[in-house]
Amino acid sequence: MRRREFIKLSSASVGALMLGSQIEAENWLANPLARVEEPWHAGEVTTMYTVCENCFWHCGIKAYIADGKVFKLEGYDENPKSRGMLCPRGQAAIMQTYDPDRLKKPLIRQEGTKRGDGKYREASWDEALDYIADKMKLIKKDYGSESVAFFAHGAGDSWFAEYLPAAWASPNAAKPSVSICTSPRETASQYTFGRGIGGHEPIDWEETDYIVLIAHHIGEDTHNTQLQGFSIARKKGAKLVVVDPRFSTAAAKSDTWLPIKPGTDTALLLAWCNVLISENIYDHQYIEKYALGFEELAEHVKDMTPEWAAKITDLDAEEIRRVAREMAAYAPRAIIPPGRHTVWYGNDTQRMRALYIVNALLGNYGREGGFYINKSPYLEPYPHPQFPLEPAAGGCSGSGGASTVESSYRPPADAGKFFAHTTAVQELIEPMISGKPYPIKGLICYGVNMFHSIPNVPRTKEALANLDLYVAIDVMPMEHVMWADVILPEATYLERYDDLLGTAHKTPFIALRQPVIEPMWDSKPGWWIARELGMRLDLMMYFSWENIEEYLETRLKKIGSSLDKLKAKGTIVQKGRPYLKDWEARGRNPFTTHSGKLELYSQTFKEAGFDPLPVYQETIQAPAAHYRLLYGRSPVHSFAKTQNNSLLMEMHSENAIWINFDEAAELGLKTGDYVYLENQDAIREGPIAVYATQRIRRDCVYMVHGFGHKAKGLKIANNRGASDNYLQTNYTLDPISGGAGLRNNFVKLIPGATKPRHSRIARLAKDRRI
Amino acid sequence: MARLAMAIDLAACVGCAACAVACKLENEVPAGDHRLWIRTTESGIFPDLTVEFRPEQCLHCENPPCVPVCPTGATYQTQEGIVLIDPEKCIACGACVAACPYDARFFHEDGYVSKCSFCEHRLKDGRLPACVETCPTLCRSFGDLDDPNSDISIALKEADRIDVLRPEQGTGPKLFYLNSPKKYGLNQEVAK
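Residues numbered from 1 in each chain as written. Chains lettered and ligands numbered in written order. Predicted model: local features only at pLDDT ≥ 70, side-chain atom pairs only at ≥ 80, totals over all residues. Heavy atoms only, no water.

Attention now goes to the overall build of chain B. Per the secondary structure count, chain B includes six helices and ten strands. Against the 2.2 N^0.38 benchmark of 16 Å for 192 residues, chain B shows a C-alpha radius of gyration of 16 Å, consistent with a compact globule. Considering only C-alpha atoms, chain B reaches an extent of 50 × 35 × 30 Å along its principal axes. Every one of the 192 residues in chain B was classed for burial, and the buried ones make up 60%. Taking all contacts inside chain B whose residues are at least 6 apart in sequence as the whole, residues at least 24 apart take part in 55%. Summing over all exposed atoms, chain B offers an accessible surface of approximately 7,700 Å²; the carbon and sulfur share of this is 51%. Chain B carries 19 positive and 27 negative side-chain charges, and their two centres are separated by 3 Å. (Helix = DSSP H or I, 4+ residues; strand = E, 2+ residues; numbered from the N terminus. Rg over C-alpha atoms; globule rule 2.2 N^0.38 Å. Buried < 20%, exposed > 50% of the residue type's maximum accessible area, 1.4 Å probe, protein only. Contact = heavy atoms within 4.5 Å. Areas by Shrake-Rupley, 256 points an atom, 1.4 Å probe, with all protein chains shown as cover. Lys, Arg positive; Asp, Glu negative; His and termini not counted. Charge placed at Lys NZ, Arg CZ, Asp CG, Glu CD.)

See below:
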């Protein structure tokens, strides 16, 4: 036993003893010479490979285990995601596993209570699973299998957004990583290059000489490999331009900061096209060889001069021109990466098209220092009988949803609302209320934070109240979890297997998620929950594998490996085909658009009634006395997932509202004051601290996403900071990708709030140590 | 004998706290205490701005003011120049805490003074300090100042600019800051 545990036991037991002994015990505890503990690494330490889940970048990690507990997580060199390094979130993920606030037993909502009342009784796994299966079958009988929707996110979403819904035959399976994150960039890439971007952005960081980031928050967003690549590029001397209304961390590293007026990025990109073409400094050979529609593009942008864009963007025309010229001078080793969260104003696919077109003019797609062409690893599916439906959710892996639905089944409930074949999670909320185009009566929610990711929370609450069945599978008692009829406590990623994690990459690879400790309390892994539900739903034929080891072993054997081999090395790395020259050497064409060319001009868009070339459209402007609400990331937090993590909260415990210093002064506010935020629909959030700074334009305010939890069961997270998502009651649907443009929300700052009283994080953390 | 030192490239550091978290877990630093922390300074007027992220920790000074003031010999300097604390000998009198010009030391809840050790236990296994190994921006270098081929010697050689904290104290810090922002950077702050 380690000394600290011994001390804990002693101090816990003294209360039951006589007073004299208690004083004696405390005196002993106070003796500094007697309290030096053995560090965790002094004894026997074992290591195991697995994959991180504290964000969705999924780094390969090595867990250090002593006395049956995990003390440290580190990257390892052979994994192309972590390459031996790890971000703060990945390392601190241990604290979630040992969080005493975790869901510990299956829970069933007390009979006679409403959703949201939060009153539950404990149940056995059998009772909870039977309850769900019975309700699902009833819904299927009355409304059809499509009437049960599945929302899922994380590595385990393979079970709950793909495997189970496809076996059950619901096309209404959705991931937030599509329509409230990457769908514009994926759709635009698909219709420009004929390929998606994929979950691991194929930026050839190490080879690039000139980087232009447009509201791409590297540094505040600590996607491990991306941050490494960015840093290596800069160390090698790459120039950096950052376009952002806010002086972000990345801007602080830049050679040029362009503090653009929010919502006008497309104008800037079109002006860059104009300069590259009018000054004849684009890559002629590349465009002639690979691209289609150059003449139309040249005609389209001929009047979109830097002077034209300067008026729109509030930037200097000469600066715009200079950056275009510099990009051209460094091309093709110059790149504008697409970023990740691209659902901003609703016209987002067109903005992303403009971004890719500038890149194409630089001739950087498939060239060193530009975009490399990623490849998915070779991997075979488990040989289950064919599912009645193809998995429909798509995802940031870029696979896209199923493009067709078997004629005997109904199409997804969001069909026809937008052009791309993805599902849009926010568009599946409305049918839960209106019953149109058909009712959605059941929802299985796996790891999706319904109130901190999907816009218009009042609407989401109304929808949840309307359902016949709402199941939450989660690790933590998040606010939306405590609305469910049945709550299933999942084991954390350190306690479970998941399906193999394949990543499309320069060097495609497969990594293993495996348990490094046993599940704590009465939690169960996602695969087990999915299988047990499947068995109860008469889907046994799809779950013929007895356990996950058998499932994984079968898949690995098919590619000439085995579970033991993968356990021993963590990652299998395969060979890629990153550059155009590699494709051409094999006589292959990577551009899989309709025309087989890089499409500057999109005939497909034209035929569907959209602009074939991107057009700048003015977005909604702020009502009087309101600021546009921008949001972003903290380097130590992942969305709304980590605000109960004591270690990460020690590093960053609440968000603040950034406002321009002069604007704040006019409002009589200074840094450290507390305010409420009130949006255009009179929704109020807060209190939140003011951060009056030079680092932001006067027409917008900014806050870090993910704070402002309202779940009482999250003892650390509850009521710290404020939620941006609660203020996003409006969204603008991107008619092409189905993305929910979130930056058309506006807030006022209401002075006079008092600073909320909280226990110190350090005090709360004392109960949570390993 | 090696002279071990660390350098942090401030042009690369983004203040993400990966190092601070690594340190806390590696060394089981109690909640509320820190061996390593990030200082963020912002300066300038829109749009001409500078932000500097600066990780701070024990500087393992060549002339450490904390060592001579220790009455029990708990604080000492190794032959490789690492300043360490023997918690068994420490009586938590606080003399070293007061003597440190950099506030690098804290009272550990278990009754002794603690601080950065350059992860001496990892060095023994031929590994780098936890903060150096984990940093996703690769901003930290570590090694022997007397070895011209060590990571740190190369980093110092290649740096456009090298600073130490409070050089006027004459402590001879072995934590070097490289490439601090040109405008409003470390030197100006030190001059104040």
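Having put the structure on the table, let's press on.
Bringing the pattern of salt bridges into the picture now. Within this structure, the stated rule accounts for 69 salt bridges over all chains. Among the ionic pairs, Asp-485 of chain A bridges to Arg-115 of chain A, the shortest N-O distance being 2.7 Å. Here Asp-485 of chain A is found in the loop between strand E14 (469-474) and strand E15 (486-489), whereas its partner Arg-115 of chain A is found in the loop between strand E4 (107-109) and strand E5 (120-122), with 370 residues between them in sequence. Like Asp-485 of chain A, the residue Arg-115 of chain A is buried in the burial classification. Close ionic contact of Glu-279 of chain A with Arg-325 of chain A constitutes a salt bridge, the shortest N to O distance being 2.8 Å. Of the two residues, Glu-279 of chain A is situated in the loop between helix H10 (265-278) and helix H11 (284-290) and Arg-325 of chain A in helix H14 (residues 317-330); the sequence distance between them amounts to 46 residues. Looking at Glu-279 of chain A, the relative accessible area reads 28%, which means it is partly exposed. The class for Arg-325 of chain A is partly exposed, based on a relative accessible area of 39%. Each of Lys-72 and Glu-74 of chain A together with Glu-26, Arg-122, Arg-127 and Glu-133 of chain B takes part in salt bridges that share partners, so that together they form one network. (Salt bridge = Lys/Arg side-chain N within 4 Å of Asp/Glu carboxyl O.)

Glancing now at the domain arrangement of chain A. All names here are of chain A. What the domain assignment reports for chain A is domain 1 (3-34), domain 2 (107-181 + 391-491 + 524-546), domain 3 (201-373 + 595-607) and domain 4 (627-768). Of note, the centres of domain 2 and domain 4, computed from C-alpha atoms alone, are 28 Å apart. Of the residues lining the interface, 25 residues belong to domain 2; the matching set on domain 4 comes to 27 residues. Taken together, both faces of the contact between domain 2 and domain 4 bury some 1,900 Å²; the carbon and sulfur share is 60%. When the buried area of domain 2 at its contact with domain 4 is split by residue, His-452, Pro-455 and Glu-479 rank highest and sum to 30% of it. (Domains from an automatic or database assignment. Buried area = accessible area lost by both parts, 1.4 Å probe.)

Right, let's get into the confidence of the model for chain A. For chain A, the average pLDDT comes to 93, and 94% of its residues sit at 70 or higher. The model gives residues 1-32 of chain A a pLDDT under 50, and that stretch makes 28 contacts with residues more than four places away or in other chains. (pLDDT = per-residue confidence, 0-100.)

Quick look at the packing of aromatic side chains now. Residues and elements named next belong to chain A. If you walk through the whole model with that rule in mind, you get 42 aromatic pairs over all chains. Ring geometry for Trp-205 versus Phe-230: centroids 6.3 Å apart, planes at 90 degrees, classification edge-to-face. Taken together, the residues span a long stretch of sequence, with Trp-205 in the loop between helix H7 (176-190) and strand E8 (210-214) and Phe-230 in helix H8 (residues 224-235) at a distance of 25 residues. Lying over the aromatic face of Tyr-702, Arg-246 brings its terminal NZ or CZ to 3.7 Å of the ring centre. The side chain of Lys-461 reaches across the aromatic face of Phe-451, ending 5.1 Å from its centre. (Phe/Tyr/Trp six-rings, centres within 6.5 Å; stacked < 30°, edge-to-face > 60°. Lys NZ or Arg CZ within 6 Å of the ring centre and 35° of its normal.)

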